Amino acid sequence: MTLRRMQVTDFRCLHHGDIEFDRHFTLFSGPNAAGKTSLLEAIYVLGRGRSFRTRRLEHLIRSGSELLRVVGESEVGGRRVTLGVEASAQGIERE
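What comes next is a walk through the structure. (Residues numbered from 1 in each chain as written. Predicted model: local features only at pLDDT ≥ 70, side-chain atom pairs only at ≥ 80, totals over all residues. Heavy atoms only, no water.)

1. Considering the layout of surface pockets
Considered as a void within the structure, the largest pocket measures approximately 160 Å³ in volume. M1, T2, L3, I43, L46, G47, G72, S74 and L83 together form the lining of the largest pocket. Among the elements of the structure, β1 (2-11), α1 (36-48) and β3 (67-76) are those that each provide at least two residues to the lining of the largest pocket. Per-element accounting of the lining of the largest pocket gives the leading share, 3 residues, to α1. Residue composition of the lining of the largest pocket, by class: 5 nonpolar, 4 polar and no charged. (1 Å grid on protein atoms, 1.4 Å probe; cavity = no way out; pocket = protein on both sides within 12 Å on 5 of 7 lines; lining within 4 Å. Points joined across faces, edges and corners; volume = space filled by probe spheres on them. Helix = DSSP H or I, 4+ residues; strand = E, 2+ residues; numbered from the N terminus. Nonpolar A, V, L, I, M, F, W, Y, C, P; charged D, E, K, R; others polar.)

Here's what the structure looks like:
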């Protein structure tokens, strides 16, 4: 399975992001506290439905926001598949 595109909304320090991944190589770079680890964590949450840093969902939601959303387009056997996770302080929803 290959992640081709990801949209992130109100995830940790990230307000909104739309990333299209290269087929072979994608590099995230930036200064400290720019959101690189948050992007990697969003990918993990998309694939696993949980975080590798915290068990409490409300810690993943950007300050001042009601919920977070991560949506990805993946390629499985030559077919495009959309998957997503939406979480509020009350729980997590997978699509």
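The discussion continues.
2. A short note on the environment of H59
Its place among the elements puts H59 in the loop between α1 and β3. Each C-alpha atom of the pair H59 and S88 lies 10.0 Å from the other, and the pair is 29 residues apart in sequence. If we ignore the near neighbours within four places in the chain, the residues touching H59 are R12 and T54. (Contact = heavy atoms within 4.5 Å.)

3. Quick look at the side chain of S74
By secondary structure assignment, the location of S74 is in strand β3. Judged by its relative accessible area of 3%, S74 is buried. Within polar-contact distance, the side chain of S74 engages the backbone oxygen of T2 at 3.0 Å. (Buried < 20%, exposed > 50% of the residue type's maximum accessible area, 1.4 Å probe, protein only. Polar contact = N/O pair within 3.5 Å; in protein donor to acceptor, adjacent residues only side chain to side chain.)

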